[in-house]
Amino acid sequence: VYSELKNRVAVVTGGSKGIGTAISERFGKEGMKVVINYHSDEKGAQEAADAVKKNGGDAVIVQADIGSEEGAQKLIDAAVNNFGGLDIWVNNAGMENQVATKDMSLEDWNRVINVNLTGVFLGTKMALRYFTDHNKKGNIINMSSVHEQIPWPTFAHYAASKGGVKLFTETVAMEYAKQNIRVNAIGPGAINTPINAKKFADPEQKATTTSMIPMGRIGDPEEVAAAAAWLASDESSYVTGITMFVDGGMTLYPSFQGGRG
Ligand code: NAD
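The paragraphs below set out a description of the structure included in this document. Small disclaimer: the values here were computed from a predicted structure and weren't measured.

1. Structural notes on the overall build of the protein
Within the protein, the secondary structure is distributed over 8 helices and 7 strands. The C-alpha atoms of the protein give 18 Å as radius of gyration, which agrees with the globular expectation for 261 residues (18 Å, within 12%). Viewed in the frame of its principal axes, the protein has a C-alpha envelope of about 55 × 40 × 40 Å. The buried share of the protein, taken over its 261 residues, is 51%. Intrachain contacts of the protein at a sequence separation of at least 6 include 74% that bridge at least 24 residues.

2. Observations concerning the site of the ligand
For the ligand, the set of nearby residues contains 27 residues, the closest of which are Ile19, Asp65, Tyr158, Thr193 and Asn196. In this structure, Ile66 approaches the ligand through a main-chain N or O atom, which is 3.0 Å from a nitrogen atom. When the ligand is considered free in solution it has 820 Å² of accessible area, and contact with the protein chains removes 93% of it. Every element with two or more residues in the shell around the ligand is listed here: α1 (18–29) and α5 (156–175). Looking at the shell around the ligand residue by residue, the class counts come to 12 nonpolar, 12 polar and 3 charged.

3. A word on the side chain of Asn116
Within the secondary structure, Asn116 is located in helix α4 (residues 106–133). A polar atom in the side chain of Asn116 sits 3.2 Å from the side chain of Ser161. If we skip the residues at most four places from it in the chain, Asn116 touches Ala93, Gly94, Met95, Tyr158, Ser161, Lys162 and Val165.

4. A short note on α4
Taking 1.5 Å per residue as the helical rise, α4 with its 28 residues ought to reach 40 Å, and the 37 Å between its terminal C-alpha atoms agrees with that figure. Where α4 bends most, at Asn114, the angle is about 40°.

5. A look at the packing of aromatic side chains
Scanning the entire structure with this criterion turns up 5 aromatic pairs. Measuring from ring centre to ring centre gives 3.7 Å for Trp152 and Phe155, while their planes differ by 10°; the resulting arrangement is stacked. The class for Trp152 is partly exposed, based on a relative accessible area of 22%. Aromatic rings pair up to connect Trp152, Phe155 and Tyr158 into one cluster.

6. Concerning the sheet that holds strand β7 (residues 243–246)
Here we have 7 strands laid out as an open sheet, ordered β3-β2-β1-β4-β5-β6-β7, and parallel in their pairing. At either margin of the open sheet sits one strand with a lone partner, and together these are β3 (58–63) and β7. Put simply, the sheet's adjacent strands are angled 20° from each other on average, direction ignored. Taken together, the 6 bridges between strand β2 (residues 33–38) and β3 define a ladder with parallel strand orientation. Residue pairing in the sheet places Asn37 in a bridge with Val62 of β3. Where α1 meets the sheet, its contacts fall on β1 (9–12), β2, β4 (88–91), β5 (139–143) and β6 (182–188), and the angle it forms with β1 comes to roughly 170°. Helix-sheet contacts for helix α3 (residues 69–83) involve β1, β2, β3 and β4, and the interaxial angle to β3 is about 150°.

7. A look at the packing of α3 against α4
Interhelical geometry of α3 versus α4 gives an angle of 40° and a closest axis separation of 9 Å. With respect to their mutual orientation, α3 and α4 come out oblique. As α3 packs across α4, the resulting crossing turns out to be right-handed. Taken together, the residues of α4 that come into contact with α3 (itself represented by Glu69, Ala72, Gln73, Ile76 and Val80) are Leu122, Gly123, Lys125, Met126 and Tyr130. For the contact of α3 with α4, the residue count by class is 6 nonpolar, 2 polar and 2 charged.

8. So, the layout of surface pockets
Volume-wise, the second largest pocket comes out at about 340 Å³. Of the residues in the lining of the second largest pocket, the class split is 6 nonpolar, 6 polar and 5 charged.

Definitions and cut-offs
- Position labels on residues start from 1 in each chain and follow its written sequence.
- Reporting of local features is limited, given that this is a predicted model, to residues whose pLDDT is at least 70; pairs of side-chain atoms are given and counted only at 80 or more, and all residues count toward the totals for whole chains, interfaces and linings.
- Just so you know, side-chain values use all the structure's heavy atoms and leave hydrogens and water out.
- Note on conventions: DSSP H or I runs of at least 4 residues are helices, E runs of at least 2 residues are strands, and numbering of each starts at the N terminus.
- Our radius of gyration is a C-alpha quantity, and the globule rule it is checked against amounts to 2.2 Å times the number of residues to the power 0.38.
- In this scheme, a residue with accessible area under 20% of its type's maximum is buried, one over 50% is exposed, and one in between is partly exposed, where area comes from a 1.4 Å probe on protein chains only.
- Throughout, a residue-residue contact means that at least one pair of heavy atoms, one from each residue, lies within 4.5 Å.
- Near residues are defined by distance, with any heavy atom within 4 Å of the molecule or strand qualifying the residue.
- Each polar contact in these results corresponds to two N or O atoms within 3.5 Å; when the atoms are within protein, one needs to be able to donate a hydrogen and the other to accept it, and residues that are neighboring in sequence are counted only if both atoms are side-chain atoms.
- The method behind every accessible area is Shrake-Rupley, applied with a 1.4 Å probe, and residues are considered shielded solely by the protein chains displayed.
- Put simply, Ala, Val, Leu, Ile, Met, Phe, Trp, Tyr, Cys and Pro go in the nonpolar bin, Asp, Glu, Lys and Arg in the charged bin, and everything else, Gly too, in the polar bin.
- Expected helix span is given by 1.5 Å per residue-to-residue step, counting one fewer step than there are residues.
- One axis is fitted to the seven residues ending at the residue and one to the seven starting there. The bend at that residue is the angle between these axes.
- Any Phe, Tyr or Trp ring, taking Trp's six-membered ring, that has another such ring centre within 6.5 Å forms a pair; planes under 30 degrees apart are called stacked, those over 60 apart edge-to-face, and the others tilted.
- At least two bridges found by DSSP between two strands are what make those strands a pair.
- Between N-to-C directions, angles span 0 to 180 degrees; the directions come from axes that are lines fitted to C-alpha atoms, helices contributing only their stretch in contact.
- Note that the term roughly parallel is reserved for angles under 35 degrees, roughly antiparallel for angles over 145, roughly perpendicular for angles of 65 to 115, and oblique for everything else.
- By definition, turning the near helix anticlockwise from the far helix through less than a right angle yields a left-handed crossing, and turning it clockwise yields a right-handed one.
- Here a cavity is any set of points on a 1 Å grid over the protein atoms alone where a 1.4 Å probe fits but cannot get out, and a pocket is any open set with protein on both sides within 12 Å along at least 5 of 7 lines; a residue lines the site when it has an atom within 4 Å of a point.
- Grid points are joined across faces, edges and corners, and a volume is the space filled by probe spheres set on the points.

What follows is the structure, encoded as structure tokens:
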């Protein structure tokens, strides 16, 4: 627990399940006040909010499409109206679908880019406006992926969105460094969340994924939330523009394990 985080206000996009819920719950343990955004799963968001409160924090849930400007506006308004301000904005919402590039519809492409990349832009813009208007040391955390670095055939839109998040994060970090606004990304590897539920329910697919992870296991959302808490805290006060990989070593070229190659 980072004591300075107590009473700080955070927005977490896509907080109704998976990594977003784990981050919200961890922020609850830190005694923070959390605006939990959801798109369609109100029940999941309410459960996350209940957990935040049980953990010692406070929370409200807000329905919004983070791929729209009105959606992002709703979230900053909720932070200000319910909790009196904003300290940390986590752009976590994301989605994927598997399709060969030659068969990818423009709709598929636009949907993934809209949530994963445009959503990060819109959330960041709202947070930056608040921080600069109020002369506040702000903190923005973007959920990237190992696929900002590792190509992923049949997920070209997803990989393009995360590659975009990487350079967006670095650029905005540099643009606002002098104002003491820190902007970082987290790059999860394979994490046990609903996005992967079908894949990891199949023992063969799970074994394939596990074989690509030097640490030999799938990660838990709480392990990603721990990175978010550190990046949100003052312990990371000199860190900006990085992607912190939380991937059990997946980005370390695991095919070379044991001296192969
Ligand atoms: P998930 O599917 O469990 O949760 C994603 C959340 O985003 C959901 O709550 C969903 O409702 C929300 N969302 C989708 N579209 C939205 C929209 N338009 N507006 C608001 N919210 C929207 O997935 P997860 O595994 O928890 O993923 C969270 C983030 O982590 C994503 O950005 C994902 O790309 C990234 N990530 C996950 C993994 C993994 O292995 N699980 C690995 C690398 C990166």
